[in-house]
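# Fold and contact review
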Amino acid sequence: MQMMTRNVLLDMELEDDDDEDGDIGHVPASRMPFLAPQTLLPSSLVLENFEQTIVPSFGSLESQQDFRTPEFEEFNGQPDSLFFNDGQRRIDFVLVYDESSRKETNKKKGLNEKQRRKRQAYESNLICHGLQLEATRSALDDKLVFVKVHAPWEVLCTYAEVMHIKLPLKPSDLKARSSAFGRLNWFTKFLRVDESLIKPEQEFFTAPFEKRRMNDFYILDKDSFFNPATRSRIVYFILSRVKYQVMNNVNKFGINRLVSSGIYKAAFPLHDSKFGSPSEDPSCPNERYLLYREWAHPRSIYKKQPLDLIRKYYGEKIGIYFAWLGYYTQMLLLAAVVGVACFLYGYLNQDNCTWSKEVCDPDIGGQILMCPQCDRHCPFWKLNITCESSKKLCIFDSFGTLIFAVFMGVWVTLFLEFWKRRQAELEYEWDTVELQQEEQARPEYEAQCNHVVINEITQEEERIPFTACGKCIRITLCASAVFFWILLIIASVIGIIVYRLSVFIVFSTNLPKNPSGTDPIQKYLTPQMATSITASIISFIIIMILNTIYEKVAIMITNFELPRTQTDYENSLTMKMFLFQFVNYYSSCFYIAFFKGKFVGYPGDPVYWLGKYRNEECDPGGCLLELTTQLTIIMGGKAIWNNIQEVLLPWIMNLIGRFQRVSGSERTTPRWEQDYHLQPMGKLGLFYEYLEMIIQFGFVTLFVASFPLAPLLALVNNILEIRVDAWKLTTQFRRMVPEKAQDIGAWQPIMQGIAILAVVTNAMIIAFTSDMIPRLVYYWSFSIPPYGDHADYTMEGYINNTLSIFNITDFKNTDKENPYIGLGNYTLCRYRDFRNPPGHPQEYKHNIYYWHVIAAKLAFVIVMEHIIYSVKFFISYAIPDVSKSTKSKIKREKYLTQKLLHESHLKDLTKTLGVIAERVGEAVENSLRPKSE
């Protein structure tokens, strides 16, 4: 045995120093905490350094040449079996590796030999940490080996205490939360899942597990005390911290690095059955089948989600995501109803839109000659060309838009406040109230802890990965990298603007100029519309390309930053990704809403971009319709792309894999092999789901004043998204490692920030992008009602009032001629602005109407913001984050838990003192007896 150990160590010392598998940072072996509990194995096996744990006395799986030994057997059980071949030990995790072929080059053989040694050492250390392993060859590919991992009772108990896992003490005596729709129970029954299939979970009082108080916990059966999700969490915790190599007094460890370097091909917990039919094995549960039937199947699209079963099967982290997504979708129903009502109001009243009638009137709009919108190549044009767009604009630019914008400012506050209450209820029900104090450091962080400092609170030594100076340097480098990529996005937006300016000239020159034709292109495809649509499509393509690249960059930056816990890691990555996505997705919308057409000068003195390109102008009706077009293309394109990427691709990959395997083999292949051929979810799979929904949340709230149908589109998308995500998780992906989560993390403050910004953006869209304020100013100040008893204000003449006059002879290019053949020789043209006419003492300067409009816009923004912010503050104050009943439940559970544990401890102490008192009494009695006796 000593010779074997010495040979393995000698082989490892001869390996190259290059870290070909891309391992995480290193830590000296003397500083690496030994994580295995000493009570699990005999003292001779609980060793302090890697040299003694490389090859334990019973060897590793690969060291056994006979694959038919009890540790390495062929599968001969039920296809859905979740147990070792003995039918007793449950499979808690599966590791998969590929045995190299004997016919290979020397170079490849050497690389595979290195990987084999690391795998050998890793499995040996797993055994030293108390885990039990069993290997089985693949039934379809004899090169694949499946290593099944089982955690015995002692291992589970020890690590449950290390991880501070809360487990049941006694059944709860608190009443279940009553439904707000109790009187409508007959109706809501059709929306609930079938309780005969998915029975409600029994509630327990819980406490962090302690081995010395094991008798206090509610243990009816050791096999069911730790559910499969908890068992997988514990085993994954061990797998992530067991080392597999030491070189130059440096440890390398963790299953994640072994998988990423190709030493193992996969590592995953098992699904419990087929999703399409109940399991034929009586010892196998049917939770996956129940989730598919009552949650993921299309026929269950109208039903509520079985959140307790989702949490039990996939863990709290996935459970809280679907709880949030479901609550967000429910709240969207109210916003969608109001948005559709506002849309219908605008649609039904578009025929009463006076200014649109004037644009389309041949005697008004048909007689107004508009100035060219670019130099030399653009023609003069008649205002009635924009008739169709002005009609559509009447639908969105109406009084209902203002009402809807105010409503959405209040709605988003109600949604966030009520979600906090619902989240607090889930924290109590799912035992995550004090999760932050229980969270462990990431293995990647622990591996870099090389610096010793004194903790200010405990005054004890602790290890950190870098000094304060090193931390400042890392933060500076990370911030610089993020800032560089944001500048790159801004550069792409500028490129799209330049494209708009240059291509507008081409469309203005080549598109038909006769608006009276019967060809639909002549009626709808104006130069402005063609430029807007093509620019939106190109912008969407650039957004997708930059998004794909930056995802990898953001992960690299966050890894370099080295957050301590998994929550810190995800929060840091979340802020980086959202900041990038915010600029990436919304920059073009901000440009159209607040910059396009705002700084154009006038025909005689236009403003130029980069000294070359004339600034782009809005349509005479404003840029609101173009903003609506941009939102529709980005939201629709993003939804289609995400469905292709998230659903279609995994389905195609699994379909190809099934065709490559033997037909009908799934009936005979074991559960672990069926799961291996599913697609891996990835550690950040849920992160991208959140990101997708938060970006949608931004579109629904930030620019909803320009598109009241956005909540409806989001509602339809989310109803499908819930079921598609459920179908994807249940049928197409391997089971994820269950993780704890207290809340939705950094996404909560991000949504709060979006809610605050949404009030400003919607107020500014109504004031500066739509034409509502100029119309109101004209209606109340500049329109002159006729005299008489029934005098009334009117909008007649509004279009003529908002178009200024320009003398063609004042063009800077004196050789400019009218290229629009057939319109005759004109000396004057009109343009959208409020300026004095030619011949005025202050010609081409802004007139009094302009300053009235600016003052009205600023006053509107200030008043609207203050009103909505006041209402938001009142709502936030009036609705507590945690309901009174939930606070009472939390306090009562703490009281009963402390009382139970205290009484148990007091009984033990009383019993011990009684025994001691009895023995002392006997000793005293014996000492008082006469010696003669």
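Quantities reported herein were computed from a predicted structural model and do not represent experimental measurements.

### Overview of the overall build of the protein chain
Along the backbone of the protein chain there are 29 helices and 19 strands. Going through the 933 residues of the protein chain one by one, you find that 51% of them count as buried. In the protein chain, of all internal contacts separated by at least 6 residues, the share reaching a separation of at least 24 is 79%. Within the structure as shown, the protein chain displays about 45600 Å² of accessible surface, and the carbon and sulfur contribution to it stands at 59%.

### Structural notes on the pattern of salt bridges
One pass over the full model with this rule turns up 23 salt bridges. When the shortest N-O distance is used, the salt bridge between Glu626 and Lys596 registers 2.2 Å. Highlighted residues: Glu626 in helix H21 (residues 624–660) and Lys596 in the loop between helix H20 (566–594) and strand E14 (601–602), separated in sequence by 30 residues. Lys596 matches Glu626 in its accessibility class, with the two residues each being buried. Each member of the salt-bridge network shares a partner with another, and the members are Arg293, Glu294 and Lys303.

### A closer look at the environment of Phe873
Considering the arrangement of structural elements, one finds Phe873 in helix H28 (residues 848–878). Along the sequence, Phe873 and Thr413 sit 460 residues apart, while their C-alpha atoms lie 8.8 Å from each other.

### Section: the side chain of Asn762
Along the polypeptide, Asn762 turns up in helix H25 (residues 747–769). What makes Asn762 buried here is its relative accessible area of 3%. Only 2.8 Å separates the side chain of Asn762 from the backbone oxygen of Ala758, close enough to count as a polar contact. Setting aside anything within four residues of it in sequence, one finds Asn762 in contact with Ala405, Thr701, Leu702, Phe703, Val704 and Ala705.

### Let's talk about unusual backbone geometry
Here Leu562, not a glycine, exhibits a phi torsion of approximately 60°, which is positive. With respect to the helices and strands, the residue Leu562 is situated in the loop between helix H19 (527–561) and H20. Residue class for Leu562 comes out buried when judged on its relative accessible area of 10%.

### Things to note about the packing of aromatic side chains
Per the stated rule, a full pass over the model turns up 52 aromatic pairs. Judged by centre distance (5.0 Å) and plane angle (70°), the rings of Tyr321 and Phe322 are edge-to-face. Judged by its relative accessible area of 1%, Tyr321 is buried. Seen in terms of ring centroids, Tyr779 and Trp780 are 5.1 Å apart; in terms of plane orientation they differ by 90°. Their pairing is edge-to-face. The positively charged end of Arg119 is found above the aromatic ring belonging to Tyr97, 4.0 Å away from the centroid. The ring of Phe560 carries Arg474 above its face, with NZ or CZ at 4.6 Å from the centroid.

### Describing a nonpolar patch on the surface
Residues Ile640, Ile644, Leu648, Leu649, Trp651, Ile652 and Ile656 make up a contiguous nonpolar surface patch of about 580 Å² in total accessible area. In this fold, Ile652 is placed in helix H21.

### Regarding the sheet that holds strand E9 (residues 266–268)
Strand order in this open sheet of four strands is E3-E4-E2-E9, and the pairing throughout is antiparallel. The sheet terminates laterally at strand E3 (132–137) and E9, the two strands that pair on one side only. Here the strands of the sheet are splayed against their neighbours by 20° on average, with no regard to which way each runs. Strands strand E2 (93–98) and strand E4 (144–150) of the sheet are contacted by helix H7 (residues 228–239), whose axis makes an angle of about 45° with E2.

### Here we look at the side chain of Ser883
As for its position among the elements, Ser883 is in the loop between H28 and helix H29 (884–928). Here Ser883 falls in the buried class, since its relative accessible area comes to 5%. At 3.4 Å, the side chain of Ser883 forms a polar contact with the side chain of Ser885. Leave out the neighbours within four places in its chain, and Ser883 touches Arg421 and Glu425.

### Quick word on empty space enclosed by the protein
Under the counting rule described, the total for this entry stands at nine cavities of 30 Å³ or more. Its volume calculated, the second largest cavity comes out at about 120 Å³. Taken together, 14 residues form the lining of the second largest cavity, with Val493, Ile496, Ser539, Ser587 and Ser588 sitting closest to its centre. For the lining of the second largest cavity, the secondary-structure elements that each account for two or more residues are helix H17 (468–510), H19 and H20. Sort the elements by how many residues they give to the lining of the second largest cavity and H17 lands first, with six residues. Class assignment of the residues belonging to the lining of the second largest cavity gives a composition of eight nonpolar, five polar and one charged.

### Some remarks on the state of the cysteines
All chains considered together, the criterion is met by three disulfides. Covalent S-S linkage joins Cys353 and Cys394, the inter-sulfur distance amounting to 2.3 Å. Of note, the bridge from Cys353 to Cys394 carries an S-S torsion of about -70° and is left-handed in sense. Of this pair, Cys353 sits in the loop between helix H11 (316–348) and helix H12 (354–360) while Cys394 sits in helix H13 (residues 387–396), placing them 41 residues apart in sequence. Judged by its relative accessible area of 9%, Cys353 falls in the buried class. Shown here is the disulfide that connects Cys360 with Cys387, its sulfur atoms set 1.9 Å apart. Across the S-S bond of Cys360 and Cys387 the torsion is about 105°, and the bridge reads as right-handed. With Cys360 in helix H12 and Cys387 in helix H13, the pair connects residues that are 27 residues apart, well separated along the chain.

### Observations regarding the confidence of the model for the protein chain
The share of residues in the protein chain with pLDDT of 70 or more is 74%, and the mean pLDDT across the chain is 76. Low pLDDT, under 50, characterises residues 786–790; the predicted model gives this stretch two contacts beyond four residues in sequence or across chains. Considering only residues more than four positions removed or in separate chains, one finds that residues 818–823, a stretch of pLDDT under 50, has 16 contacts.

### Some words on the pairing of E4
Burial within E4 is extensive, with seven of its seven residues counted as buried. Burial of E4 is two-sided: the residues Leu144, Phe146, Lys148 and His150 facing one way and the residues Val145, Val147 and Val149 facing the other way are all buried. Both E2 and E4 contribute to a ladder of six bridges, which runs antiparallel. Its bridge partner lying in E4, Val96 is registered against Phe146. Two successive antiparallel strands, E3 and E4, enclose a turn made up of six residues.

### Focus: the nonpolar core
Counting residues in each nonpolar core, the largest one holds 143 residues, and the members touching the most others are Trp324, Tyr328, Trp411, Phe415, Trp419, Phe699 and Phe703. Sort the elements by how many residues they give to this core and H11 lands first, with 15 residues. Contacts of Trp411, omitting those with residues within four sequence positions, involve Tyr328, Met331, Leu332, Leu334, Ala335, Phe697 and Thr701. Residues Leu156, Leu167, Ala207 and Leu239 belong to the second largest nonpolar core, which totals 40 residues.

### Some words on the pairing of strand E6 (residues 204–208)
Most of E6 is tucked away: four of the five residues are buried. Two elements, strand E5 (residues 166–171) and E6, share five bridges in a ladder whose sense is antiparallel. Its bridge partner being in E6, Leu167 is matched across the sheet by Ala207.

### What about the environment of Pro285?
Structurally, the position occupied by Pro285 is in the loop between E9 and helix H9 (287–296). Residues Pro285 and Leu82 lie 203 residues apart in sequence; the distance between their C-alpha atoms is 9.5 Å. The contacts of Pro285, once residues within four sequence positions are left out, are Leu82, Asp272, Ser273 and Ser279.

### Let's talk about the packing of H11 against helix H14 (residues 399–429)
For any two helices packed against each other, one specifies the inter-axial angle together with the distance between the axes. With their axes 10 Å apart at the nearest point, H11 and H14 run at an angle of 165° to one another. By the angle between their directions, the pair H11 and H14 is classed as roughly antiparallel. Here the hand of the crossing between H11 and H14 comes out right-handed. Its residues placed into classes, the contact of H11 with H14 shows 22 nonpolar, three polar and one charged.

### With respect to the packing of H14 against H28
The interhelical angle for the contact between H14 and H28, taken along N-to-C directions, is 25°, at an axis separation of 10 Å. In terms of their interaxial angle, H14 and H28 are classed as roughly parallel. Every pair of crossing elements has a handedness; the one defined by H14 and H28 is right-handed. Mapping the contact onto sequence places Leu402, Ala405, Val406, Gly409, Val410, Val412, Thr413, Leu414 and Glu417 in H14 and Phe860, Met864, Ile868, Val871, Lys872, Ile875 and Ser876 in H28. Each residue belonging to the contact of H14 with H28 can be placed in one class, and the counts come to eleven nonpolar, three polar and two charged.

Scoring rules and cut-offs
- Residues numbered from 1 in each chain as written.
- Predicted model: local features only at pLDDT ≥ 70, side-chain atom pairs only at ≥ 80, totals over all residues.
- Heavy atoms only, no water.
- Helix = DSSP H or I, 4+ residues; strand = E, 2+ residues; numbered from the N terminus.
- Buried < 20%, exposed > 50% of the residue type's maximum accessible area, 1.4 Å probe, protein only.
- Contact = heavy atoms within 4.5 Å.
- Areas by Shrake-Rupley, 256 points an atom, 1.4 Å probe, with all protein chains shown as cover.
- Salt bridge = Lys/Arg side-chain N within 4 Å of Asp/Glu carboxyl O.
- Polar contact = N/O pair within 3.5 Å; in protein donor to acceptor, adjacent residues only side chain to side chain.
- Phe/Tyr/Trp six-rings, centres within 6.5 Å; stacked < 30°, edge-to-face > 60°.
- Lys NZ or Arg CZ within 6 Å of the ring centre and 35° of its normal.
- Patch = residues over 30% accessible without salt bridge, like charges linked within 9 Å, V, L, I, M, F, W, Y side chains within 5 Å.
- Pairing = 2+ DSSP bridges.
- Axes fitted to C-alpha atoms, helices over the stretch in contact; angles between N-to-C directions.
- 1 Å grid on protein atoms, 1.4 Å probe; cavity = no way out; pocket = protein on both sides within 12 Å on 5 of 7 lines; lining within 4 Å.
- Points joined across faces, edges and corners; volume = space filled by probe spheres on them.
- Nonpolar A, V, L, I, M, F, W, Y, C, P; charged D, E, K, R; others polar.
- Disulfide = S-S within 2.5 Å.
- pLDDT = per-residue confidence, 0-100.
- Core = buried A, V, L, I, M, F, W, Y, C linked by side-chain atoms within 4.5 Å.
- Parallel < 35°, antiparallel > 145°, perpendicular 65-115°, else oblique.
- Left-handed = near helix turned anticlockwise from the far one by under 90°.

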